[in-house]
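Residue-level structure breakdown
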Amino acid sequence: MCIRDSSLINAHNEAYIHKILGKLKLSHNEPEEAIIQFLKAKELYEANEAYFLDKAEIEGGLGEAYNLEGDKERSVEYFHEYIATMGSASMVNANLGKLYEKLGEIAARENSWAEFLDHFGQAAKVYESTKNWGLLANCYYGAAELVSTSSEELSEEKAMQYAKSIIDLQSKATEINKHEKPMFNTVLIKAFLMIGQYSKKVSIEHSLEYYENALVFIDKVSDKAVLLNLYEALASAYYKTKAYDKSLAYAEKAIVLAREDEDEPNLHVLVGRVYGKLRLWDQSLKSFETAVNLFECRKIENESKAYAVMNLGVAHSNMGNIEKSIEFASIAVSIYERISPESINLANAYKILAMSYKDKGCLLYTSPSPRDLSTSRMPSSACKKKKKKKKKK
């Protein structure tokens, strides 16, 4: 008896080592090696049913490894084995919820939306029963993202429903411990952002309301990408509602977070446009120059760069630098013609170029006044349409 017990203990120890090695290989994104280790552990554990938790962990690991390999059938098979093992032990915990989410993701990839809804529904029940509100919020957001990127009918409406379910969880905030709070707040902000984006179709004011509500939850959120998206959305929405001071404040907050981010040049363009609306053309010019320089340094040649260059031409025009305006409008036209000939901004670039050439022609006859340099694209004493004198009857 002692020898038998001793052999079982040794088998358990060996199985445990293989299980740890499997998890390690999985964390290093080596699914083939992970499968080898998990299968060895499974074989050793099957001799002793007492270690059901280890058995379930191995089944879950195999499911994840096969999922990474793209073997859907085996992945689903082992995930279901995990559920059966946990069910036989009457065990319900957060890991079970995460496994249902994995099954939901697999179903979404296969466009099996009935299965997807069932699995995410099961995951939500697990998190609710174990009062894991942060994980429940994360589960809803994962479902919203999967639905929003699908081609399924009414996908937008369903994504909104999931996002609103997250917002409804605000009442549970007092039950969330301080360690989960940052994750919970991050998911709430993402939900407000998602609904805000969809609400643009209703009105920009409706959208802005959700962005402003998200600001309540920025405390202790360290996810730079989420904060950047929020500040960017606020800056853009305030610009569209002509609240230029607020737009500028949030655009500058976003720029601080956007160092080396791909959106950094576009944020400088937004700042330049705000300064333009405030008729602060010298500051507008500097912002557009910064944006264009960032595009140049990063060797980016796209519509966003063309737009920045075009706006730089506008700023130069309003500063009275007509030659520079022609130079940058011509560059913008060239970029648009090369990479996006059907863009409406190509027509706008041509329009700016034409107006700059018209300004240049006018300057052959007159010089702009100080008022022209600060407020107008055209010299005040030239290119005016003369009023026709009414003929006396």
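Every chain is numbered independently, its residues counted from 1 as its sequence is written. For a predicted model such as this one, the threshold for reporting local features is a pLDDT of at least 70, and the threshold for listing and counting side-chain atom pairs is 80 or more; totals across whole chains, interfaces and linings nevertheless cover every residue. Hydrogens are left out, water is left out, and the side-chain values use all remaining heavy atoms of the structure.

1. Some words on helix α13 (residues 264-277)
- When the terminal C-alpha atoms of α13 are compared, their 20 Å separation across 14 residues agrees well with the 20 Å that a helix rising 1.5 Å per residue should span.
- We call a residue buried when its accessible area falls under 20% of the maximum for its residue type, exposed when it is over 50%, and partly exposed in between, using a 1.4 Å probe and counting protein chains only. Helical segments are the DSSP runs of H or I of at least four residues, strand segments are the runs of E of at least two, and each set is numbered from the N terminus. In terms of residue burial, α13 counts as a mostly covered element, since eleven of its 14 residues are buried.
- Two residues or fewer past α13, Arg279 is found with a positive phi of approximately 60°. Expected span of a helix: the number of residues minus one, times 1.5 Å.

2. Considerations on helix α15 (residues 303-318)
- The end-to-end C-alpha distance of α15, which contains 16 residues, comes to 23 Å, matching closely the 22 Å that a straight helix rising 1.5 Å per residue would cover.
- Of the residues that open α15, the one with a side-chain oxygen 3.2 Å from the backbone nitrogen of Ser304 is Asn302.
- Directly beyond the C-terminal end of α15, a positive phi value near 90° is found at Gly320. Any pair of nitrogen or oxygen atoms within 3.5 Å is treated as a polar contact; in protein, a donor-acceptor pairing is required on top of that, and neighbouring residues in sequence qualify only through side-chain atoms on both sides.

3. Here we look at the packing of helix α6 (residues 113-129) against helix α7 (residues 133-148)
- All axes are obtained by fitting lines to C-alpha atoms, using only the stretch in contact for helices, and the reported angles, taken between N-to-C directions, cover 0 to 180 degrees. Taken N-terminus to C-terminus, the directions of α6 and α7 make an angle of 165°; their axes are 8 Å apart at the nearest point. Of the possible angle classes, the one that applies to α6 and α7 is roughly antiparallel. In terms of crossing hand, the pair formed by α6 and α7 is left-handed. Mapping the contact onto sequence places Trp113, Phe116, Phe120, Ala123, Ala124, Tyr127 and Glu128 in α6 and Trp133, Leu135, Leu136, Cys139, Tyr140, Gly142, Ala143, Leu146 and Val147 in α7.
- Under this grouping Gly is polar, as are all residues other than the nonpolar Ala, Val, Leu, Ile, Met, Phe, Trp, Tyr, Cys and Pro and the charged Asp, Glu, Lys and Arg. In the contact of α6 with α7, the residues fall into 14 nonpolar, one polar and one charged. Throughout this description, any angle smaller than 35 degrees is read as roughly parallel, any larger than 145 degrees as roughly antiparallel, any in the 65 to 115 degree range as roughly perpendicular, and the remainder as oblique. Each helix crossing is assigned a hand: it is left-handed if the near helix lies turned anticlockwise from the far helix by less than a right angle, otherwise right-handed if that turn is clockwise. Between two residues, a contact is recorded if the distance between any of their heavy atoms is within 4.5 Å.

4. Quick look at the packing of aromatic side chains
- Stacked, tilted and edge-to-face pairs are distinguished by plane angle, under 30 degrees for stacked and over 60 for edge-to-face with tilted covering the rest, among Phe, Tyr and Trp rings (Trp via its six-membered ring) whose centres lie within 6.5 Å. Evaluation of the coordinates by the stated rule reveals nine aromatic pairs.
- Between the aromatic rings of Tyr66 and Tyr78, the centroid separation amounts to 5.8 Å while the plane-to-plane angle is 5°, which identifies the pairing as stacked. Of the two residues, Tyr66 sits in helix α3 (residues 52-69) while Tyr78 sits in helix α4 (residues 72-88), which places them twelve residues apart along the sequence.
- Here Tyr78 falls in the buried class, since its relative accessible area comes to 10%.
- Plain terms: the ring middles of Phe116 and Phe120 are 4.8 Å apart, the flat faces sit at 50° to each other, and that makes the pair tilted. Here Phe116 and its partner Phe120 are both found in helix α6, four residues apart, which amounts to about one turn of the helix. Both residues of the pair, Phe116 and Phe120, belong to the buried class.
- Taken together through their ring pairs, the aromatic side chains of Trp113, Phe116 and Phe120 make up a single cluster.

5. A closer look at the packing of helix α14 (residues 281-297) against α15
- Between α14 and α15, whose axes approach to 9 Å, the crossing angle comes to 150°. The orientation of α14 relative to α15 falls into the category roughly antiparallel. The two elements α14 and α15 meet at a crossing, and its hand is left-handed. Mapping the contact onto sequence places Trp281, Ser284, Leu285, Phe288, Glu289, Ala291, Val292, Phe295 and Glu296 in α14 and Ser304, Lys305, Ala308, Val309, Asn311, Leu312, Ala315, His316 and Asn318 in α15.
- Among the residues making up the contact of α14 with α15, the classes are represented as ten nonpolar, five polar and three charged.

Such coordinate-based values are descriptive only and should not be taken to indicate function.
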